[in-house]
Amino acid sequence: MIETLVQPFQFAFMTNAFMIMAIVAIPTSLLSCYLVLKGWSLMGDAISHAVLPGVVLAYVLGIPLIIGAFCAGMVCAVSTGFLAGNSRVKQDTVMGVVFSGMFGFGIVLYTKISPAVHLDHILFGNMLGIKAPDLWTAGIIATLVAGVVLIKQKDFLLHAFDPIQAQAVGLPVNWLHYGLLTLISMTIVATLSSVGIILTIGLLIAPGAIAFLLTKRFTLMLPIAVAVTMVSSMLGIYISFFIDSAPAPTIILILTVIFVAAFVRANMVARQTEQSV
């Protein structure tokens, strides 16, 4: 019985999967709190889809895929910010147009390359094929992103709640705005090899949404989001081994179940509060 329970830890590919998720769980969960508070949930979705053309072009040019992904993500982020700030069109509309256009461009490029080339792991992730260079890349990016977020958490928080007040007190709002977009792009690059483009959005939204439902204090949101992502990731990888499922969608499914539970709990607490008043 015990041998069966510890069996997943006896394989190197499973150990690497646990390690990569322990690494990417921190920056994705920290950023998700700010994305939820700022109403930028679709921004993570937009950038994660928009990196596809950069990945394909990087392959064609023979350069590292993460360079193409980061450049494409930044093009999407900067374009969205510029168009939203210089037109009457709302930001969510701009994001929809930009990310769908870039994703469509990526699909066209993807279908035109050699049939022998398989980039499916970019779309859906290849967590069980993680190698040492992937761990190092994700570790460096995760450390940088988490460090910046924790050092500038108060500035990012004020910018998320009240950009006008942030500007009034002398904060560099433009740097904070595009800095946050840069951190999102870097984090998506870090998660590219593990969960893929399509499922990255779940890691950038669900943890923050769950933490938001569980507490009203932002200082508690960050550790709650990290804890939820860690538990969901480890549990998802572990369960996927026994049910013969892909780890990434299993993790997202667990996060979804936790979100539903947190949502029901929040509604029950709200009703009890109304009845007591």
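Residues numbered from 1 in each chain as written. Predicted model: local features only at pLDDT ≥ 70, side-chain atom pairs only at ≥ 80, totals over all residues. Heavy atoms only, no water.

**Topic: the overall build of the protein**
Here is step 1: The helix and strand inventory of the protein stands at 13 helices and zero strands.
Here is step 2: Seen in sequence order, the protein has helices and strands lined up from the N terminus as α-α-α-α-α-α-α-α-α-α-α-α-α.
Here is step 3: Taken over C-alpha atoms, the radius of gyration comes to 19 Å for the protein, in line with the 19 Å a tight globule of 277 residues would show.
Here is step 4: Taken along its principal axes, the extent of the C-alpha atoms in the protein is 55 × 50 × 30 Å.
Here is step 5: Sorting the 277 residues of the protein into buried and exposed places 46% on the buried side.
Here is step 6: For the protein, the computed accessible surface area is about 13,900 Å², with 70% contributed by carbon and sulfur atoms.
Here is step 7: Of note, the protein has its 11 positive side-chain charges centred 11 Å away from the centre of its 9 negative side-chain charges. (Helix = DSSP H or I, 4+ residues; strand = E, 2+ residues; numbered from the N terminus. Rg over C-alpha atoms; globule rule 2.2 N^0.38 Å. Buried < 20%, exposed > 50% of the residue type's maximum accessible area, 1.4 Å probe, protein only. Areas by Shrake-Rupley, 256 points an atom, 1.4 Å probe, with all protein chains shown as cover. Lys, Arg positive; Asp, Glu negative; His and termini not counted. Charge placed at Lys NZ, Arg CZ, Asp CG, Glu CD.)

**Examining the layout of surface pockets**
A probe as big as a water molecule, rolled over the atoms, marks out the empty space that is left.
Here is step 1: When its volume is computed, the second largest pocket comes out at roughly 210 Å³.
Here is step 2: Lining the second largest pocket, in full, are Phe 212, Leu 213, Leu 214, Thr 215, Lys 216, Arg 265, Ala 266, Val 269, Ala 270 and Thr 273.
Here is step 3: Elements represented by at least two residues in the lining of the second largest pocket include exactly α11 (196-214) and α13 (247-276).
Here is step 4: A per-element tally of the lining of the second largest pocket places α13 first, with five residues.
Here is step 5: Each residue belonging to the lining of the second largest pocket can be placed in one class, and the counts come to six nonpolar, two polar and two charged. (1 Å grid on protein atoms, 1.4 Å probe; cavity = no way out; pocket = protein on both sides within 12 Å on 5 of 7 lines; lining within 4 Å. Points joined across faces, edges and corners; volume = space filled by probe spheres on them. Nonpolar A, V, L, I, M, F, W, Y, C, P; charged D, E, K, R; others polar.)

**Quick notes on unusual backbone geometry**
Here is step 1: Here the phi dihedral of Asp 244 falls at roughly 60°; this positive angle occurs in a residue that is not glycine.
Here is step 2: Inspection of the secondary structure assignment puts Asp 244 in the loop between α12 (218-243) and α13.

**Describing the pattern of salt bridges**
Side chains bearing opposite charge may pair, as long as their charged atoms lie close to each other.
Here is step 1: A full pass over the atoms with the stated rule returns one salt bridge.
Here is step 2: Between Lys 152 and Asp 155 there is a salt bridge whose closest N-O contact spans 3.7 Å.
Here is step 3: Since its relative accessible area comes to 38%, Lys 152 is described here as partly exposed. (Salt bridge = Lys/Arg side-chain N within 4 Å of Asp/Glu carboxyl O.)

**Description of helix α10 (residues 173-191)**
Here is step 1: Relative to the 27 Å expected for 19 residues at 1.5 Å per residue, α10 spans 27 Å between its end C-alpha atoms, a close match to the ideal helical length.
Here is step 2: With respect to burial, α10 is a largely interior element, 14 of its 19 residues being buried. (Expected span 1.5 Å × (residues − 1).)

**Considering the environment of Ile 20**
Here is step 1: Along the chain, Ile 20 falls in helix α2 (residues 12-38).
Here is step 2: Between the alpha carbons of Ile 20 and Thr 191 there is a distance of 8.5 Å; along the sequence they are 171 residues apart.
Here is step 3: Each residue touching Ile 20, except ones within four places of it in the same chain, is listed here: Met 127, Ile 130, Asp 134, Leu 135, Ala 138 and Ser 194. (Contact = heavy atoms within 4.5 Å.)

**Some points on a nonpolar patch on the surface**
Here is step 1: Residues Leu 57, Tyr 59, Val 60, Leu 61, Ile 63, Ile 66, Ile 67 and Phe 105 make up a contiguous nonpolar surface patch of about 730 Å² in total accessible area.
Here is step 2: Those elements that provide at least two residues to the nonpolar patch are α3 (41-61) and α4 (65-85).
Here is step 3: Of all the elements, α3 adds the most residues to the nonpolar patch, at four residues.
Here is step 4: Along the chain, the position of Ile 63 falls in the loop between α3 and α4.
Here is step 5: Among the residues examined, Ile 63 registers a relative accessible area of 36% and is labelled partly exposed. (Patch = residues over 30% accessible without salt bridge, like charges linked within 9 Å, V, L, I, M, F, W, Y side chains within 5 Å.)

**Here we look at the environment of Ala 138**
Here is step 1: Summarising the element assignment, Ala 138 is placed in helix α7 (residues 132-151).
Here is step 2: Classification of Ala 138 by relative accessible area gives buried; the value is 1%.
Here is step 3: The residues contacting Ala 138, other than those within four sequence positions of it, are Ile 20, Ile 23, Val 24 and Ala 190.

**Some details on the packing of α12 against α13**
Here is step 1: Where α12 contacts α13, the two axes come as close as 8 Å, and the packing angle between them is 130°. Relative to α13, the element α12 lies oblique. When you trace α12 past α13, the crossing you get is right-handed. Of the residues in α13, those touching α12 at Val 228, Ser 232, Ser 233, Leu 235, Gly 236, Ile 237, Ile 239 and Ser 240 are Pro 247, Thr 250, Ile 251, Ile 254, Leu 255 and Ile 258. (Axes fitted to C-alpha atoms, helices over the stretch in contact; angles between N-to-C directions. Parallel < 35°, antiparallel > 145°, perpendicular 65-115°, else oblique. Left-handed = near helix turned anticlockwise from the far one by under 90°.)

Coordinates in, geometry out; function isn't part of it.
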